Amino acid sequence: MAAAGGVYTVTKTGTTGFTPVGSLRKQAYKEANEFAVTKGMVAEVVSVNETAAGFAKWPQVDLKFRLVRPGIEGVAIDPTVAISTQRAYDAEGRPTSGDTTVRVEKQVDVYAELKKLADLKERGVLTEEEFQTEKKKLLETKNKK
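Because the structure is a prediction, the values reported are computed rather than measured. (Residues numbered from 1 in each chain as written. Predicted model: local features only at pLDDT ≥ 70, side-chain atom pairs only at ≥ 80, totals over all residues. Heavy atoms only, no water.)

Chemist: Looking at this model, I keep getting lost on the pairing of strand β2 (residues 42–51). Mind explaining?
Modeler: For a regular strand, the rule is simple: side chains alternate between the two faces of the sheet. Most of β2 is tucked away: seven of the ten residues are buried. Note: β2 against strand β3 (residues 60–68), nine bridges, orientation antiparallel. When the sheet's bridge partners are listed, Ser47 is paired in β3 with Lys64. (Buried < 20%, exposed > 50% of the residue type's maximum accessible area, 1.4 Å probe, protein only. Helix = DSSP H or I, 4+ residues; strand = E, 2+ residues; numbered from the N terminus. Pairing = 2+ DSSP bridges.)

Right, dumping it as structure tokens:
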């Protein structure tokens, strides 16, 4: 679970082709949250890539996350939406198309997040510099949409 640019990755691979992807996803979220707790932080999900079992291929889940201060973002919670991947094979079992990559992005309510940041600054949890840095990130996120 090495960090590249502040983003950590947890990869879970099934031991058989019959391992449920949902089970692997749950394990990945649990490991990300446990790792974040050891650092005094919470895990914020960046993306989730799932590969379903196929011919001579075990199911796999890659969860990418970053560490953030508690109270700024929520913990990595297993999404309740159904996530699936697809792969097609020809009559001889050869893959005819690539894996579908699933990217989970949460909607950010910029106004609500700014209010949270202001509250944290007022309580002394964030310094003025930290507040301005987080505020800038939020506003950049809003402008990208």
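Chemist: Help me understand the sheet that holds β3 in this model?
Modeler: Backbone hydrogen bonds hold the strands of a sheet together, and the pairing may be parallel or antiparallel. Taken in spatial order, the three strands of this open sheet run β1-β3-β2, and their pairing is antiparallel. Pairing within the sheet leaves two strands with one partner each, and these edge strands are β1 (7–13) and β2. When strand polarity is set aside, the average angle formed by the axes of neighbouring strands in this sheet is 20°. Sheet topology note: the β1/β3 ladder contains seven bridges and is antiparallel. Within the sheet, the bridge partner assigned to Val7 lies in β3 and is Arg66. Contacting β1, β2 and β3, helix α1 (residues 21–38) runs over the sheet at an angle of about 25° to β3. (Axes fitted to C-alpha atoms, helices over the stretch in contact; angles between N-to-C directions. Contact = heavy atoms within 4.5 Å.)

Chemist: Explanation requested: the environment of Gly17 in the structure shown.
Modeler: Position of Gly17 among the secondary structure elements: in the loop between β1 and α1. Note: C-alpha distance between Gly17 and Pro59 (42 residues apart in sequence) is 6.4 Å. Apart from the residues lying within four places of it in its own chain, the contact partners of Gly17 are Ala53, Trp58 and Pro59.

Chemist: Mind showing me how you'd approach the pattern of salt bridges here?
Modeler: A side chain with one charge can pair with a side chain of the opposite charge if their charged atoms come near. Inspection of every chain in the model, using the stated rule, returns nine salt bridges. A salt bridge links Glu31 to Lys12; the nearest nitrogen and oxygen atoms lie 2.7 Å apart. Taken together, the positions of Glu31 in helix α1 and Lys12 in strand β1 put the pair 19 residues apart, joining distant regions of the chain. Put simply, Glu128 and Lys121 hold a salt bridge, and the shortest N to O gap is 2.9 Å. For Lys121, a relative accessible area of 33% translates into the label partly exposed. (Salt bridge = Lys/Arg side-chain N within 4 Å of Asp/Glu carboxyl O.)

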